[in-house]
Protein chains: 2
Amino acid sequence: MKNFSFHNPNRIHFGQGQIAQIGTEIAAGSRVLLVYGGGSIKRNGVYDQVIAALAGRTVVEFAGVGANPEFDTLMRAVALGKEKQVDWVLGVGGGSVLDGSKFIAAALALDPAIDPWLIVGNKTPLHSALPIGCVLTLPATGSESNFTGVITRRETQDKLSFKNPAVFPRFCVMDPTVISSLPPRQLGNGLVDAFVHTTEQYLTFPQEARVQDRLAEGILSTLTEVAPVLLKDQADYDAQANFMWSANQAMFGLVPLGQTLDWATHAIGHELTVLYGLDHAQTLAVTLPSLWRYTFDAKRAKLAQYGRRVWNLNGDDEAVAHAAIDATRAYFESVGVKTRLTDYGIDAEAAAAGVEAQLIRHKRIALGEHADLTPADCRAIVLGAA
Amino acid sequence: MKNFSFHNPNRIHFGQGQIAQIGTEIAAGSRVLLVYGGGSIKRNGVYDQVIAALAGRTVVEFAGVGANPEFDTLMRAVALGKEKQVDWVLGVGGGSVLDGSKFIAAALALDPAIDPWLIVGNKTPLHSALPIGCVLTLPATGSESNFTGVITRRETQDKLSFKNPAVFPRFCVMDPTVISSLPPRQLGNGLVDAFVHTTEQYLTFPQEARVQDRLAEGILSTLTEVAPVLLKDQADYDAQANFMWSANQAMFGLVPLGQTLDWATHAIGHELTVLYGLDHAQTLAVTLPSLWRYTFDAKRAKLAQYGRRVWNLNGDDEAVAHAAIDATRAYFESVGVKTRLTDYGIDAEAAAAGVEAQLIRHKRIALGEHADLTPADCRAIVLGAA
């Protein structure tokens, strides 16, 4: 196990009816920029609960933060927040809204002489941000409990992440019943996203991080257990709660401790979203099985451990590792997320060339846990996802 | 899963050489009350590293905090801290020193008109405490990362806990190499203590807390794996690191979320320590198997899950549950901690009567996850530990 430091000061309120806790977290008299996406929170009752909890605070609403939150959209929220002199940012939504809220809170505290786009990619130091609260409506990214965000700028074909303790949400509210009204596509995407977040931190090589491994395997096993329950009855509370908690714990920060990670699937996936507009989870479901085949020898031992502990497979390492990849692909398909580029009508040759060029432009030239995956390797991985 | 709130703002520095991080946590010019136990930290090099990291701070030393930290001893530390006007408390030791440091930090910030003994048992509100830092030298209690403490007052035969977010350590340093120089008795005690902390939060009844269960099982499995390695070679770094991280995660606060717990073994164990001076872990090793036999029907389902996942046992629930209890007892014995009162020369009849009387006096009359264990039940449990 490598040395590490860990700190997660996020306060979590989990369970049915917990949205009311916003009233204990944001002081009366505050000026709150309420950030959300489309109208779904108005249909499922979340909006009304949030507004009720914010009684006694000035609420400035900014709606319309979509999937893969856009820099230009977020900058309009920043302008509104400045004009209305807000002192809190409350994001109500899934990972995109929460990532966007982090960016907004950081940009609102930034020296006006600095270009806010420099926040993305961590190109300017962040000394502070407005306090951030989150109400999660789609379990997937874990953004409610960590200090990372991913922002897209379509005009320049950039989808890049930033990371800074200044944007740790002060609190998050996780009410599992929001899952009842999710569209099936978002449910499937969330299950895949949480799954792949976990494997990217876990499925490398044995690193003597035993509790971290078991936590990762516990999250993965739970995701495989709750998926069929939710596909049958999206309102099953225990399945909702276990799904929501799994997705949170996947990105809470404990899984990766003391280990070298492999975020290559995300790196490739981000480029596929920028190039083709695929959902984030779709890009992961397409990339991961192919990446595991391409790096099979380096990952064999851990794939076998994963196959035995998560999929209860038996046999020698080689056989179990191959079967584990097949089981993973079948799991993604079972929750309605297709795993091949051709399923999305995308030409793999063109996608492979496009991803290679994008990775070179973004200087992502040494990916994976061994930092040995070049853009040319990633081209081959995308080709393998045909 | 029940509703819950969670917050753990503790900052952890984990790994070899991390004691130097104290210098990044405690500002230069601070006045630090350095609390420790006997002389072991002077023999294993920890003391020298701590003093080096504290260069530029005023250090006031208080040594002599023993196992089951005594109220009277700690009050001497409080008096010293007041006299020297310290503004930090740095505990260097195992759970007893760290629990004691929390009490000292709370008492130093308490209104002088209030009796500090009221802190214990949470009989007075705590609004603040001096900032606390920890350097862990014995993995066992998890005290380095939580806000509880257990204090003993021998004159009144009290061993009672307190719990308050004000005493959350600001940071802790966990250097696994300190395990190399632990006496075998402390190593065995630490392994048992971490194990039983986990089972008391986990081994109740199925509560649909799947990730929490897997985390608990992961900690327990890891403890069973590292024990034989450390018994053979106490300097094995990977085993040290996995042991230290397991003990921390057992009490970090994630295992119990959303569940009803069973702290009856600790309640009974504390009384056995007060009455007979047994080591804390010895009381747990004696009590737990008997308690599981006594509450077998209520715990059968979870014992069976535990037996299958941690001990890889096969068979029907009844058989696996019984075998799991036997395996647990054998594990305690394997790390050198005896599991029967007679092993310690204690008369079970007298101990049972004594524990019953103490629990009545401490008003602990409804223990266990179903709040149905009376002092008379606990008497029977102690008798069963003969």
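Residues numbered from 1 in each chain as written. Chains lettered and ligands numbered in written order. Predicted model: local features only at pLDDT ≥ 70, side-chain atom pairs only at ≥ 80, totals over all residues.

A. Main features of the sheet that holds strand E4 (residues 88-93) of chain A. Taken in spatial order, the 12 strands make up an open sheet running E3(A)-E2(A)-E4(A)-E5(A)-E8(A)-E1(A)-E1(B)-E8(B)-E5(B)-E4(B)-E2(B)-E3(B), and their pairing is mixed. Looking at the sheet topology across the chains shown, the edges are occupied by strand E3 (58-62) of chain A together with strand E3 (58-62) of chain B. Adjacent strand axes in the sheet meet at a mean angle of 25 degrees, parallel and antiparallel pairs treated alike. The pairing of strand E2 (residues 31-36) of chain A with E4(A) spans five bridges and is parallel. Bridge assignment links A:Val35 to a residue of E4(A), and that residue is A:Gly91. Its contacts with the sheet put helix H5 (residues 95-108) of chain B on strand E2 (31-36), strand E4 (88-93) and strand E5 (132-136) of chain B, and the angle it makes with E4(B) is roughly 165 degrees. (Pairing = 2+ DSSP bridges. Helix = DSSP H or I, 4+ residues; strand = E, 2+ residues; numbered from the N terminus. Axes fitted to C-alpha atoms, helices over the stretch in contact; angles between N-to-C directions. Contact = placed C-beta atoms within 7 Å.)

B. Looking closely at helix H8 (residues 237-250) of chain B. The end-to-end C-alpha distance of H8(B), which contains 14 residues, comes to 20 Å, matching closely the 20 Å that a straight helix rising 1.5 Å per residue would cover. Across the 14 residues of H8(B), 12 count as buried, placing the element largely inside the fold. (Expected span 1.5 Å × (residues − 1). Buried ≥ 20, exposed ≤ 12 C-beta atoms within 10 Å, placed from the backbone.)

C. Geometry of the packing of helix H9 (residues 264-276) of chain B against helix H10 (residues 280-294) of chain B. All names here are of chain B. H10 packs onto H9 with a crossing angle of 130 degrees between their chain directions and a minimal axis gap of 8 Å. Our classification of the angle between H9 and H10 gives oblique. Once H9 is placed against H10, the crossing between them reads as right-handed. Of the residues in H10, those in contact with Ala264, Thr265, Ile268, Gly269, Leu272 and Thr273 of H9 are His280, Thr283, Leu284, Thr287, Leu288 and Leu291. Counted by class, the contact of H9 with H10 contains six nonpolar, six polar and no charged residues. (Parallel < 35°, antiparallel > 145°, perpendicular 65-115°, else oblique. Left-handed = near helix turned anticlockwise from the far one by under 90°. Nonpolar A, V, L, I, M, F, W, Y, C, P; charged D, E, K, R; others polar.)

D. Expanded view of the relation of the copies chain B and chain A. When chain B is fitted onto chain A, the two copies agree to an RMSD of 0.0 Å after a turn of 180 degrees and an axial shift of 0.0 Å. Given the turn and translation reported, the copies of this chain are related as if by a two-fold rotation axis. Closest approach to the rotation axis among the C-alpha atoms of chain B is made by B:Pro9, whose C-alpha sits 2.1 Å away. In this assembly, 97% of the residues forming the interface of chain B have copies in chain A that are likewise at the interface, indicating an isologous arrangement. (Least-squares fit on C-alpha atoms with pLDDT ≥ 70 in both.)

E. View of the packing of helix H11 (residues 296-311) of chain A against helix H12 (residues 317-334) of chain A. All names here are of chain A. At a closest axis distance of 7 Å, the pairing of H11 and H12 adopts a crossing angle of 75 degrees. In terms of axis orientation, H11 runs roughly perpendicular to H12. On the side of H11, the interface is formed by Phe296, Arg300, Ala301, Leu303, Ala304, Tyr306, Gly307, Arg308 and Trp311, while H12 contributes Asp317, Glu318, Val320, Ala321, Ala323, Ala324, Ile325 and Ala327. Grouping the amino acids of the contact of H11 with H12 by side-chain chemistry returns 12 nonpolar, one polar and four charged.

F. Just the domain arrangement of chain A, in detail. Residue and element names in this part refer to chain A. You can read the domains of chain A as domain 1 (11-177) and domain 2 (184-383). Inter-centroid distance (C-alpha atoms) of domain 1 to domain 2 is 26 Å. Taken together, the residues that form the side of domain 1 that touches domain 2 break down as six nonpolar, eight polar and two charged. (Domains from an automatic or database assignment.)

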